[in-house]
Structure formats: C-alpha cells, structure tokens
There are 2 protein chains.
Amino acid sequence: MDEVLADVIAKFKLLYKRDHPKETLQELADGKEFYDIVPEHIAGDFRKHIYEKGFFRDLDVIKDSQRVVKELDKKYDVFIVSAAMEFRNSLEDKVDWLVDHFPFIPWQRTIFCGLKIVNVDVMIDDRSRNFTAFNGRPLLFTSPHNKLINEFERVNTWEEVAAKLL
Amino acid sequence: MDEVLADVIAKFKLLYKRDHPKETLQELADGKEFYDIVPEHIAGDFRKHIYEKGFFRDLDVIKDSQRVVKELDKKYDVFIVSAAMEFRNSLEDKVDWLVDHFPFIPWQRTIFCGLKIVNVDVMIDDRSRNFTAFNGRPLLFTSPHNKLINEFERVNTWEEVAAKLL
C-alpha cells in the first residue's frame, strides 16, 4: 500500500511543513528515506506521527493506481498486501482507506502482515526486502528510497505496470 | 486464531446466556456452527455481536495453546494467520489479545487476511476451506463444526499437535 497505492511521502511533507513552518527540508535524494532528511533534533518527535491514529486515513492515492488495479483485477486475482502489522493504529485506517479508494477489492483479498510470505505470481512492491524469499516475478515500484537498487525489474508508474501486465 | 488459539464458542455461550437467560440452548452437535443452534427469532440480533468492538478482546485462550506454540516456535518459524479482515472492528482487539497471550510471536509473523494464501509448510486450522489451495501439510484442529469432515489429518488438542510436530 504505502508508496505504491498510498502516498506516505506527501503526508510526511505536509506534516513536516505544518509542524516546522520555518525549517527548511532538503530534497529527497535517490536512496534516501524521508526520515533521513528530517533534521536530527526533529527526527525523534517526527517518527511518532506514523503511530498516530488517522495518519494513514487520508493519504493521497498514487497516480493511476485505482484505474490500473481495477483493470488488473479483471485479468488477475489481485490481492492488496500491506506490512501494516508494525503499526497497530494503522489497521482500521487502512481498511477504511481501502473501502474508500479500492472498493472493488473485497476483504477476502486484503492482507495485513509483517513478513510477506504470500503465495502469489507477481508482487508489485517498493521494498526490495519483500522479494528476498519470493519465487514469483517481482516488480520494484519506484520510490526515492529504492532508486539505487538495480537487481529487480522496475516499474516507475502504474502506467508502466499496465504496459507490462495488461 | 478463532477456535484454535482463542475460544470464540465460550464467548458466544456467555453472551447468549447474558442476553437470553430464560432461553434454553441445544447442544452443539457434530457438524454444527454455534449460529445453527441459536433459535431463529434471536439469530439476527445475535450475529451482530461478532462485529462489535471488544468481542475478540477477552476471549479465553484454548487449552495448552500458549505452551505448545511457544515450544513450536523454538523449532519452527511460527506465523499466526487469522481470517480477521471480515471483521474490521476485530483488528485492534486481535492485535492486543495476541500481545497479551502470545507476546513471543512478533508482529513480523502475524497476518490478518481473508483468503489464506500463505506460503507455509504446515497449517493448523479449524476451517477446512483454508486447505483447498494449500500444498503443505494441513492439520485440522477439531471444533464442533468440523467433526464430520474426514479427509484431513486431524488434531483434537494442542497436546496432539505437540506429539506430531515436536
């Protein structure tokens, strides 16, 4: 979900500007996590946001994801698999967000997990660690933090996912 | 989780007696779900309980499950996989219940799903439908509703799980 369907980085930027309107923020360079560019004296407090109720509830939808996932769903059994279990307070927010933005994916094909030990043919993910024990076709969905990783087939946009899978 | 680690039927019985102290309840015969023995004029209201916040929070732990799962966890990578996504309001309750009763299973090895498309070697489950697309070793954990099913290797207690897997 995060950084593939839901725009976590946009929310981070919004909260950062709200909390620290006078601080500058360096650009999110290739290979960097958002936390890496938050100044050290702010980082401790800033990390708390992701554990708050509501953080995941109003994330923007990543461009074209709704349309392409809906198309994919006609050809494949699409599952939405999120490493949500790290964040107890995200669970209801994520369910509600999916009902709002991906109502065509039923609860039967929604999975909240830690390690992604799912038995699927294709995995579209921004975290290459989820491909380590995966035997199917991995598609690394581009996010700033993964731009320096070269060993996986990459998709930069949902348009590119469509071109490869539809 | 339900009927394998957590005693849903005991909670159903408790709520039934609380709500309908003067109603009798027939025995939970082999092959029957609890809903099957709730009188028809009560069934509609009774089914709402499982969607309520708190329903899953205080379930009793199934006998010996903590001890045996802890032992299993030394020999195997134990994942707890619950078809929780059907019940949006169960998610936080289930996380909190697991933290209370199975604190040795980290969030990384906890999965809330609908269809159990997990890539594991052994699955201990009371619902035989979860074995349909499963290629590993299924162990059907006895619950009244599954007692008439004969096509799977069965475990009646956690002691029997221990005898087979430890």
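Along each chain, numbering runs from 1 in the same order as the chain's sequence is written. As a convention, the first chain written is A and the first ligand written is 1, with the rest following in written order. Only residues with pLDDT of at least 70 are given local features in this predicted model, and only at 80 or more are side-chain atom pairs given and counted; all residues enter the totals for whole chains, interfaces and linings. Excluded from the side-chain calculations are hydrogens and water; all other atoms, namely the structure's heavy atoms, are used.

As named in an unreviewed UniProt entry, chain A is 5'(3')-deoxyribonucleotidase, taken from Mucilaginibacter arboris. UniProt positions are given in the numbering used here, feature names are shortened, and annotations may be inferred rather than shown by experiment. You can read under Sequence similarities (unreviewed entry) in the UniProt record for chain A the words "Belongs to the 5'(3')-deoxyribonucleotidase family."

(A) Layout of the packing of helix H4 (residues 65-75) of chain A against helix H6 (residues 158-165) of chain A. Residue and element names in this part refer to chain A. To define axes, lines are fitted to C-alpha atoms, for helices over the stretch in contact only, and angles between the resulting N-to-C directions are given on a 0 to 180 degree scale. Each helix corresponds to a stretch of at least 4 residues labelled H or I by DSSP, and each strand to a stretch of at least 2 residues labelled E; elements are numbered beginning at the N terminus. It is the contact of H4 with H6, at a shortest axis distance of 9 Å, that shows an interaxial angle of 20 degrees. It follows from the interaxial angle that H4 and H6 lie roughly parallel. Note that H4 runs across H6; the crossing there is left-handed. Only Trp 158, Glu 159, Val 161, Ala 162 and Leu 165 of H6 make contact with H4, whose side of the interface consists of Ser 65, Arg 67, Val 68, Val 69, Leu 72 and Lys 75. Split into classes, the residues belonging to the contact of H4 with H6 amount to seven nonpolar, one polar and three charged. An angle below 35 degrees is read as roughly parallel, one above 145 as roughly antiparallel, one from 65 to 115 as roughly perpendicular, and any other as oblique. In this scheme the crossing of two helices becomes right-handed for a clockwise turn of the near helix relative to the far one and left-handed for an anticlockwise turn of less than a right angle. Residues are treated as being in contact if the distance between any of their heavy atoms lies within 4.5 Å. Gly is placed with the polar residues, together with every amino acid not listed as nonpolar (Ala, Val, Leu, Ile, Met, Phe, Trp, Tyr, Cys and Pro) or charged (Asp, Glu, Lys and Arg).

(B) A look at the state of the cysteines. Cysteine sulfur atoms that come within 2.5 Å of each other are treated as a disulfide pair. For the coordinates displayed, the defined rule picks out zero disulfides over all chains. Left without a disulfide partner, A:Cys113 is nearest to the cysteine sulfur of B:Cys113, which lies 9.4 Å away. Judged by relative accessible area, which is 1%, B:Cys113 ranks as buried. For every residue, the accessible area obtained with a 1.4 Å probe (protein chains only) is divided by the maximum for its type, and the residue is called buried under 20%, exposed over 50%, and partly exposed between those limits.

(C) Spotlight on the packing of aromatic side chains. Stacked, tilted and edge-to-face are the three classes applied to pairs of Phe, Tyr and Trp rings, where Trp contributes its six-membered ring and a pair requires centres within 6.5 Å; stacked means planes under 30 degrees apart, edge-to-face means over 60, and tilted covers the rest. Scanning the model with the defined rule gives 28 aromatic pairs over all chains in all. Seen from their ring centres, B:Phe34 and B:Phe46 are 5.6 Å apart, and the 35 degrees between their planes marks the pair as tilted. Of this pair, B:Phe34 sits in helix H2 (residues 34-37) while B:Phe46 sits in helix H3 (residues 40-46), and the two are 12 residues apart along the sequence. A connected cluster of aromatic rings, assembled from ring pairs, spans A:Phe12, A:Tyr16, A:Phe34, A:Tyr35, A:Phe46, A:Tyr51, A:Phe55, A:Phe56 and A:Phe87. Consider the ring centre and the ring normal. A charge sits over the ring if Lys NZ or Arg CZ is within 6 Å of that centre and within 35 degrees of that normal. The aromatic ring of A:Tyr35 is capped on one face by A:Arg47, whose charged end is 4.1 Å from the ring centroid. In this arrangement the basic side chain of B:Lys11 is found over the ring face of B:Phe55, its NZ or CZ atom lying 4.9 Å from the centre.

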